[in-house]
Amino acid sequence: MKKGIISLVMSLFIVFSTAAQTDKNYNNFINIVKKELKEIHIQNYEEHFKEQYFIIKEENDYFDVGTEVGLTNLYNICTQNDKSQWKKIIKDYFSQVKVSRDEEKSILPKLEKFETAKEYLKLRIYPIDYKEQISKSSIFESDTGDYISVVVLDFPSAIRNLTKEYTEKWNLSEKEIFEVAKENTLKNNKEEFEEYKITDTFSVSVMLSDTNIFVTSSIYDLNKKCNSISKHGAFVAIPNRYGIVLKNVNKETINNDIVQMMGLVNYMYQQGPTSITNTIYWFDGNNFFKVIHDPSKGLIKLPDELMKVLE
């Protein structure tokens, strides 16, 4: 794990406050985006900037006609950096889009057959809000209702959602394709849990990466990744794309632990980048059960299944 990500994570643990992004910041961001679009000769597009996307209306070197170009992730990246860097970040983003498009064209022939396509299949975790946008076209799973696991194509310079048309092309079910993508992802995820002491009375285990965008998919592999889960199970969360937070359940300190866990997870979720969910689950070694919590009301309700284990 790189020193940079460790420092960032430790700062998240220590500081439990965040500054809200202002409308002025977003307007500045959009103005820079518009200028960059003009420079790269993309001028015919349908504006939906209040909803943080725009739609391409004519052919160009960067996007197909009709493409909905989302700006949420790009804006989140910008807000994590000094404003003086925003122009370069946005310029680099569009440059990378062009490289990725050229790259995709060279790989597309390999996608015609499953045997040559399967090496590109991966599984990525997104926030549940993403479900509405991709549910008709992409292969996914959203069993918890709090996040969505999407089958993607992992190209060298970018990722693309795998469209449902490939089920017919490969003569495979969505479930079969999903399982292959999951297997590919998990065998390539090399990150391990590391323990961090937050206070004298509270510590957590974290699996984090600032380079592997698939690290959160290890939520499907907790028994192998964390072989020291207690007999009472563990509290688990995936607040943002950086990774997974885990706290073994200790019957003697459970009340303090869940309150501390809530504060940490809520903060990491608010900070992002690419926030996923502030839901905390109890993992019994096989299944996930949601911890009901409403910070604004001070409400915490542990799963009935956990309460039975603690009796």
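Residues numbered from 1 in each chain as written. Predicted model: local features only at pLDDT ≥ 70, side-chain atom pairs only at ≥ 80, totals over all residues. Heavy atoms only, no water.

Considerations on the sheet that holds strand β1 (residues 45-48)
The cut-off we apply is this: Two strands are said to pair when DSSP picks up at least two bridges between them. What counts as a helix is a DSSP run of H or I of at least four residues, what counts as a strand is a run of E of at least two, and both are numbered from the N terminus. To define axes, lines are fitted to C-alpha atoms, for helices over the stretch in contact only, and angles between the resulting N-to-C directions are given on a 0 to 180 degree scale.
One open sheet accounts for three strands, arranged β1-β2-β3; its pairing is antiparallel. Each having just a single partner strand, β1 and β3 (68-70) make up the two edges of the open sheet. The average undirected angle you get between the axes of adjacent strands in this sheet is 20 degrees. Pairing of strand β2 (residues 53-56) with β3 involves three bridges; the strand directions are antiparallel.

Some remarks on helix α8 (residues 174-188)
Given 3.6 residues per turn, any residue in an α-helix points the same way as the ones three and four places further on. This is how the line gets drawn: Multiplying 1.5 Å by the residue count of a helix minus one yields the expected span of that helix. Per-residue accessibility, obtained with a 1.4 Å probe over protein chains only, is compared with the maximum for each type, and a residue is labelled buried under 20%, exposed over 50%, and partly exposed between these values. Here a residue-residue contact requires only that any non-hydrogen atoms of the pair lie within 4.5 Å.
Taking 1.5 Å of rise per residue, the 15 residues of α8 would be expected to cover 21 Å, and the 21 Å separating its terminal C-alpha atoms lies within 8% of that figure. Among the residues making up α8, those that are buried are I177, F178, A181, K182, N184, T185 and L186. Where α8 is buried, its residues meet β4 (121-127), β5 (140-141), β6 (147-154) and α7 (165-170).

Focus: unusual backbone geometry
With glycine set apart, most residues show a phi of negative sign, and most peptide bonds adopt trans. Non-glycine residue Q52 carries a positive phi angle of around 65 degrees. Relative to the helices and strands, Q52 is located in the loop between β1 and β2. Positive phi, normally seen in glycine, also occurs at N171, with a value near 55 degrees. Along the chain, the position of N171 falls in the loop between α7 and α8. Classification of N171 by relative accessible area gives exposed; the value is 69%.

Comments concerning the packing of helix α2 (residues 23-39) against helix α3 (residues 72-79)
To keep things clear, this is the line we draw: An angle below 35 degrees is read as roughly parallel, one above 145 as roughly antiparallel, one from 65 to 115 as roughly perpendicular, and any other as oblique. Note on convention: near helix rotated counterclockwise from far helix by under a right angle means a left-handed crossing. Clockwise means right-handed. Residue classes follow a fixed rule: Ala, Val, Leu, Ile, Met, Phe, Trp, Tyr, Cys and Pro count as nonpolar, while Asp, Glu, Lys and Arg count as charged, and any other residue, Gly among them, counts as polar.
Direction vectors running N to C along α2 and α3 enclose 115 degrees, while the axes themselves pass 11 Å from each other. Regarding the angle of α2 to α3, the classification is roughly perpendicular. You can see that α2 and α3 cross each other, and the crossing is right-handed. Counting all contacts with α2, which are made through N25, Y26 and F29, the residues of α3 involved are L74, Y75 and C78. Of the residues that constitute the contact of α2 with α3, the class distribution is five nonpolar, one polar and no charged.

Details of the layout of surface pockets
Empty space among the atoms can be located by rolling a probe the size of a water molecule over them. Here is the rule we go by: A 1.4 Å probe that fits into a set of points on a 1 Å grid over the protein atoms alone but cannot get out defines a cavity; an open set with protein on both sides within 12 Å along at least five of seven lines defines a pocket, and lining residues are those with an atom within 4 Å of a point. Grid points are joined across faces, edges and corners, and a volume is the space filled by probe spheres set on the points.
Its volume calculated, the second largest pocket comes out at about 230 Å³. Residue lining of the second largest pocket: E141, S142, D143, T144, Y147, S149, I219, Y220, Y281, F288, F289 and K290, and that is the complete set. Sorting the residues of the lining of the second largest pocket by element identifies β6 and β13 (288-294) as the ones contributing at least two each. Ranked by residues supplied to the lining of the second largest pocket, first place goes to β13 with three residues. In terms of residue class, the lining of the second largest pocket is made up of six nonpolar, three polar and three charged.

What about the environment of I300?
Along the chain, the position of I300 falls in strand β14 (residues 299-301). Since its relative accessible area comes to 31%, I300 is described here as partly exposed. Not counting chain neighbours up to four residues away, the residues in contact with I300 comprise I258, V259, M262, V291, I292 and H293.

Focus: the packing of aromatic side chains
What counts is decided by this rule: Stacked, edge-to-face and tilted are the three classes for Phe, Tyr and Trp ring pairs, Trp counted by its six-membered ring, which pair at centre distances within 6.5 Å; planes under 30 degrees apart are stacked, over 60 edge-to-face, the rest tilted.
Inspection of every chain in the model, using the stated rule, returns 18 aromatic pairs. When the ring of Y75 is compared with that of W86, the centres are 6.4 Å apart and the planes differ by 85 degrees; the resulting orientation is edge-to-face. Taken together, the residues span a long stretch of sequence, with Y75 in helix α3 and W86 in helix α4 (residues 86-107) at a distance of eleven residues. Seen in terms of ring centroids, Y126 and Y130 are 4.4 Å apart; in terms of plane orientation they differ by 35 degrees. Their pairing is tilted. Taken individually, Y126 and Y130 each receive the classification buried, so the pair is uniform in this respect.

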